[in-house]
Amino acid sequence: MTGQPSRPPRRSALLRTTTVVAAAVPLCTAGWFGWQALDHSSPAGAAASAPATPATPSTLVESAGPTSATPEAPPNSTAPTSTPPAGTPPTTAAPTTAPTGDLAGRTIVLDPGHNPGNFSHPTEINRQVDVGNGRKECDTTGTETNAGYTEADYTLDVTRRARALLTARGAKVVLVQDGDRPWGPCVDERARAGADAHADVALSVHGDGGPASGSGFHVIMPAKVVAGKADNSAIVEPSHRLGLLLRDRFHAATGEPYADYLADQGLDTRSDLGGLNLSAVPKVFIECGNMRNSADARRMTDPQWRQQAAQGISDALAAFLTTH
């Protein structure tokens, strides 16, 4: 789930240990609503259209809704992707190509949402941290598909693919975590990563844990927050420009439709996410799809589709850095 909202903890984790279950109960109970409260945004139109009603909670917290009857492909399977609704581009859309070296001298921070080890560190990730206009959990476990493919594994895979594409174009790419930490980092540290790396832009990759009946992706952009240690005034406008580019490039590369259960035309603007409130560089979150939906889950567990997702992300970042 985006930013800091968490997805419903994995069933495997619940069966694994009572300790983990107890610590993760708030996430499971909050379900999809808990995720929305952790870190995401409200709908925005073209550049700043009227915010949409927060509808149902979004990605960071996994929904405890009914399991879909449609079978899912196992992790890393090569099963064909499902056909998106009529009127949307096919998932086999050819990736956009770009000249090598056009991003030389630029630094990009990619933030893979959550961490595979978070399930084993409930005490650490449940610690409250200051996000400027409130306090939130340090991090969450994230969501997973009904078949057990976790959001943390998905985000690491896609960000690594995007890193390879961006590096080939000359950019310096820094990952907030690369599977090299036992848990976390906390959302406030993730937000600082852009400034610490002297980055030009930052992007956080997630998979949503919404209601099983909902599908599609959405981009979360920062609302202006000036409170406590947060002041993101300088990054709101460029972040919204990035959000529009990301929505369009991701849709073109993957054929994934806009989320039909929250946001507005694939855009959401939020003021409750520490990763956006505390960022000093332009930054957005992308919820690449709803992992609790069987059709989205099949796409997200397909390596070929994940490559398309990485292509859409890298195309959007490149366009942001090379156009005005």
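Structure shown above.
The rules behind the values
- Within each chain, residues carry numbers counting from 1 in the order of the written sequence.
- Selection of residues for local features in this predicted model requires a pLDDT of at least 70, selection of side-chain atom pairs for listing and counting requires 80 or more, and totals for whole chains, interfaces and linings are taken over all residues.
- The basis for every side-chain value is the complete set of heavy atoms in the structure, and neither hydrogens nor water enter the calculation.
- A run of H or I in DSSP counts as a helix once it spans at least four residues, and a run of E counts as a strand once it spans at least two, with each numbered from the N terminus.
- Should any heavy atoms of two residues lie within 4.5 Å, those residues are considered in contact.
- Only the protein chains shown count as cover for residues, with accessible areas throughout obtained via the Shrake-Rupley method and a probe of 1.4 Å.
- One requirement defines pairing of two strands: DSSP has to find at least two bridges between them.
- A fitted line through C-alpha atoms represents every axis, and for helices the fit uses only the stretch in contact; the resulting angles, taken between N-to-C directions, go from 0 to 180 degrees.
- When a carboxyl oxygen of Asp or Glu is within 4 Å of a side-chain nitrogen of Lys or Arg, the pair counts as a salt bridge.
- Exposed residues in this analysis have more than 50% of their type's maximum accessible area, buried residues have under 20%, and partly exposed residues fall in between, with area computed by a 1.4 Å probe over protein chains only.
- Stacked, tilted and edge-to-face pairs are distinguished by plane angle, under 30 degrees for stacked and over 60 for edge-to-face with tilted covering the rest, among Phe, Tyr and Trp rings (Trp via its six-membered ring) whose centres lie within 6.5 Å.

**Side note on the overall build of the chain**
Consideration 1: Within the chain, the regular secondary structure consists of nine helices and 10 strands.
Consideration 2: For the chain, the share of sequence-separated contacts (at least 6 apart) that also reach a separation of at least 24 residues comes to 84%.
Consideration 3: Counting every atom, the chain has about 11500 Å² of accessible surface; 57% of that belongs to carbon and sulfur.

**Quick notes on the sheet that holds strand S5 (residues 201-208)**
Consideration 1: An order of S4-S1-S5-S10-S6-S9 is seen for the six strands of this open sheet, with the pairing classed as mixed. Edge positions in the open sheet fall to strand S4 (172-175) and strand S9 (267-270), since each of these has one partner strand only. Here the strands of the sheet are splayed against their neighbours by 25° on average, with no regard to which way each runs.
Consideration 2: Where strand S6 (residues 218-222) and strand S10 (residues 283-290) come together, three bridges link them in antiparallel fashion.

**Focus on the pattern of salt bridges**
Oppositely charged side chains may form a pair once their charged atoms are brought near each other.
Consideration 1: For the structure shown, the criterion picks out 17 salt bridges.
Consideration 2: A salt bridge links Asp272 to Lys136; the shortest N-O distance between them is 3.8 Å. Taken together, the residues Asp272 in the loop between S9 and helix H7 (274-277) and Lys136 in strand S3 (residues 135-137) connect sequence positions 136 residues apart.
Consideration 3: The exposure class assigned to Lys136 is buried, which follows from its relative accessible area of 11%.
Consideration 4: The partner of Arg181 in a salt bridge is Glu189, with the nearest N and O atoms 2.9 Å apart.
Consideration 5: Each of the salt bridges in this network shares a partner with another, and the network as a whole consists of Asp111, Asp139, Arg190 and Lys283.

**Some thoughts on the packing of aromatic side chains**
Any two aromatic rings considered together are summarised by their centre-to-centre distance and by the angle between their planes.
Consideration 1: Applying the stated criterion to the full structure yields three aromatic pairs.
Consideration 2: Here the aromatic rings of Phe217 and Tyr258 are separated by 5.8 Å at their centres, their planes lie at 65°, and the arrangement is edge-to-face. Taken as a pair, Phe217 in the loop between S5 and S6 and Tyr258 in the loop between helix H6 (233-254) and S9 lie far apart in primary sequence, 41 residues in all.
Consideration 3: Owing to a relative accessible area of 0%, Phe217 belongs among the buried residues under this scheme.
Consideration 4: Look at Tyr258 and you get partly exposed, because its relative accessible area is 24%.
Consideration 5: Considering the side-chain rings of Phe250 and Trp305, the 6.0 Å spacing of their centres and the 80° angle between planes classify their relative orientation as edge-to-face.

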